[in-house]
Amino acid sequence: VDPNKVEAFRTVFEESLTDIANRTGGPNTPTAIQERCIILSGGVDTCAIMAAARKHGIKFGGALTVVTSDESPDLGFSTACAAEHGLEHHVVRLTADELVDEYLPETIELLEIYDGMTLRNSLVVAAVFKKAAALGFKHAVVGDGADELFGGYSFCWRHTDPVEWKEKRDSMCAQWTFSTDDLAGKYGITAHSPYTAERTVKWAIDCTERSDCIDVRPIRLFYGGEYKDHQQGKMILREAYDTVSSWRRKDPIEVGSGATIIGKDWFWNDRLSDDEFAAETKVLATRGYVINSKEYLINFRIWERTFGVDGVKLTNMKRLPLGEGCVW
């Protein structure tokens with residue numbers, strides 16, 4: 001990536017982060033440190049925030065990470081990052097079963113959905129915000145927006161035409177929504193991301209293209225692991241800050257935390273038999289619902305229990321006739 005463009009990004013990004021610091025009590029006042037934390041997955045995005053914060057004397061009262069086991073990829077990277085910055089690290093350890101039991105019903109009620117991937121990620125986010133609130137934090141800095149702006153998702157890489165890539169990236173960013181604010185608000189936390197700040201977004205849309213974001217580089221899956229060449233996104237961000245995670249693979253929240261197993265049918269076998277799944281999904285198909293996994297069926301059961309048959313209690317949901325529209 002053009003070094004001048006990398007430097008321009010750093011300037012804009014650090015201004016956005018400084019704005020957040022000033023809105024949340026100042027860079028390093030006692031009150032700010034007491035009330036402000038970072039949600040530290042140990043990914044490229046949040047480790048870059050830590051590096052930028054250090055340059056400007058922006059302090060956090062703690063870092064929080066959720067993992068389901070010692071094999072969760074986030075654990076090694078986040079631990080190394082927190083140690084490098086001398087930051088108190090709160091690791092929330094919950095099994096996948098505990099995540100489901102404690103957070104699934106309330107998360108479905110809050111977000112009004114039964115989509116599996118969104119919920120798997122959101123369970124982890126809900127758990128980390130609950131812990132942040134219990135520790136007395138009022139503000140949490142997060143990494144939302146970097147993947148959308150800089151081609152972090154693997155589905156962005158297949159578009160090789162620079163014009164097409166930019167059109168799709170710009171369109172995605174114009175329509176993006178994040179559940180973070182709702183999940184944080186439930187626990188009295190206000191979430192802030194320097195990547196979704198207007199200044200950062202405008203610069204990224206105006207000044208970056210595919211060649212600034214997508215390339216093949218040596219990437220590692222685990223902290224301390226072997227590097228192997230992979231196509232990845234967010235090149236400009238990776239080059240802007242030298243961190244323990246600059247060349248880490250992009251992992252969704254569910255993968256980094258270890259919550260991915262919630263999406264596997266075998267995970268639900270003790271709660272839902274194969275025969276029960278087959279019978280119930282057959283009935284739901286006659287109502288227009290295509291339920292392809294046990295996870296979706298469990299989620300759908302909770303959704304209907306919360307919002308009534310066909311979500312009748314949801315006043316903002318448009319219902320289409322049977323056979324029309326998109327169903328899960």
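Use the structure listed above.
Residues numbered from 1 in each chain as written. Predicted model: local features only at pLDDT ≥ 70, side-chain atom pairs only at ≥ 80, totals over all residues. Heavy atoms only, no water.

## Details of the packing of aromatic side chains
Step number 1: One pass over the full model with this rule turns up 14 aromatic pairs.
Step number 2: Both rings, one in Tyr153 and one in Phe155, keep their centres 5.4 Å apart while their planes meet at 10°; by these two values the pair is stacked.
Step number 3: Residue classification places Phe155 among the partly exposed residues on the basis of a relative accessible area of 40%.
Step number 4: Chaining the aromatic ring pairs together yields one cluster made of Phe9, Phe13, Phe150, Tyr195, Trp203 and Tyr241.
Step number 5: Cation over ring: Arg36 sits above Phe60, and NZ or CZ is 5.8 Å from the ring centre.
Step number 6: The ring of Tyr187 has Lys186 sitting right over it, with the charged end atom 5.9 Å from the ring centre. (Phe/Tyr/Trp six-rings, centres within 6.5 Å; stacked < 30°, edge-to-face > 60°. Buried < 20%, exposed > 50% of the residue type's maximum accessible area, 1.4 Å probe, protein only. Lys NZ or Arg CZ within 6 Å of the ring centre and 35° of its normal.)

## Observations concerning the packing of helix 5 (residues 96–111) against helix 15 (residues 294–307)
Step number 1: Where helix 5 contacts helix 15, the axes come no closer than 10 Å and their chain directions differ by 60°. One way to sum up the angle between helix 5 and helix 15 is to call them oblique. Between helix 5 and helix 15 lies a crossing of right-handed hand. In contact with Leu104, Pro105, Ile108 and Glu109 of helix 5, helix 15 contributes Ile298, Asn299, Ile302, Trp303, Thr306 and Phe307.
Step number 2: Looking at the contact of helix 5 with helix 15 residue by residue, the classes come out as 7 nonpolar, 2 polar and 1 charged. (Axes fitted to C-alpha atoms, helices over the stretch in contact; angles between N-to-C directions. Helix = DSSP H or I, 4+ residues; strand = E, 2+ residues; numbered from the N terminus. Parallel < 35°, antiparallel > 145°, perpendicular 65-115°, else oblique. Left-handed = near helix turned anticlockwise from the far one by under 90°. Contact = heavy atoms within 4.5 Å. Nonpolar A, V, L, I, M, F, W, Y, C, P; charged D, E, K, R; others polar.)

## A short note on the side chain of His159
Step number 1: Of note, His159 is situated in the loop between helix 7 (146–149) and helix 8 (162–174).
Step number 2: Within the structure, His159 has its side chain in polar contact with the side chain of Glu164 (distance 3.5 Å).
Step number 3: Leave out the neighbours within four places in its chain, and His159 touches Glu164, Trp165, Lys168 and Arg210. (Polar contact = N/O pair within 3.5 Å; in protein donor to acceptor, adjacent residues only side chain to side chain.)

## Quick notes on the packing of helix 1 (residues 3–23) against helix 10 (residues 198–207)
Step number 1: For the pair helix 1 and helix 10, interaxial distance at closest approach is 9 Å and the crossing angle is 160°. With respect to each other, helix 1 and helix 10 are oriented roughly antiparallel. Taken as a pair, helix 1 and helix 10 cross one another with a handedness that is left-handed. Contact residues: Lys5, Ala8, Phe9, Val12, Phe13, Glu15, Ser16 and Asp19 in helix 1; Arg199, Thr200, Trp203 and Cys207 in helix 10.
Step number 2: Residue classes in the contact of helix 1 with helix 10 are distributed as 6 nonpolar, 2 polar and 4 charged.

## A word on helix 1
Step number 1: For helix 1, which comprises 21 residues, the first-to-last C-alpha distance of 30 Å matches the rise-based estimate of 30 Å (1.5 Å per residue) to within 8%.
Step number 2: When helix 1 is considered as a whole, its buried residues turn out to be Lys5, Val6, Phe9, Arg10, Val12, Phe13, Glu14, Ser16, Leu17, Ile20 and Ala21.
Step number 3: Between a side-chain oxygen at the N-terminus of helix 1 and the backbone nitrogen of Asn4 the separation is 2.9 Å; the capping residue is Asp2.
Step number 4: Among the residues trailing helix 1, Gly25 stands out with phi positive, at a value near 105°. (Expected span 1.5 Å × (residues − 1).)

## Some details on the environment of Leu135
Step number 1: Mapped onto the elements, Leu135 comes out in the loop between helix 6 (116–134) and strand 4 (139–141).
Step number 2: A C-alpha to C-alpha distance of 9.5 Å links Leu135 and His90, two positions 45 residues apart in sequence.
Step number 3: With residues up to four places along the chain from it excluded, the contact list for Leu135 reads Leu64 and His90.

## As for the pairing of strand 2 (residues 63–67)
Step number 1: Judged by how many residues are buried, strand 2 sits mostly within the fold: 5 of 5 residues are covered.
Step number 2: A two-sided burial pattern is seen for strand 2, the buried positions comprising Ala63, Thr65 and Val67 on one face and Leu64 and Val66 on the other.
Step number 3: As judged from the 2 bridges shared by strand 1 (residues 36–39) and strand 2, these two strands associate in the parallel manner. From the neighbouring strand, Ile38 faces strand 2, where its bridge partner is Ala63.
Step number 4: Handedness of the strand 1-helix 3 (residues 44–55)-strand 2 crossover: right-handed.
Step number 5: Taken together, the 5 bridges between strand 2 and strand 3 (residues 89–93) define a ladder with parallel strand orientation. Counted as the bridge partner of Val66 is Val92 from strand 3. (Pairing = 2+ DSSP bridges. Right-handed = clockwise from strand over helix to strand, strands pointing away.)

## Structural notes on the pattern of salt bridges
Step number 1: The full count for this structure, using the stated rule, is 29 salt bridges.
Step number 2: A salt bridge links Glu15 to Arg199; the nearest nitrogen and oxygen atoms lie 3.2 Å apart. Of the two residues, Glu15 sits in helix 1 while Arg199 sits in helix 10, which places them 184 residues apart along the sequence.
Step number 3: In this structure Arg199 comes out as partly exposed when scored by relative accessible area, which is 36%.
Step number 4: Across the pair Arg248 and Asp251 runs a salt bridge, and its minimum N-O distance is 3.4 Å.
Step number 5: The structure contains a network of salt bridges with shared partners spanning Asp45, Asp147, Lys234 and Lys250. (Salt bridge = Lys/Arg side-chain N within 4 Å of Asp/Glu carboxyl O.)

Just distances and angles here, no functional claims.
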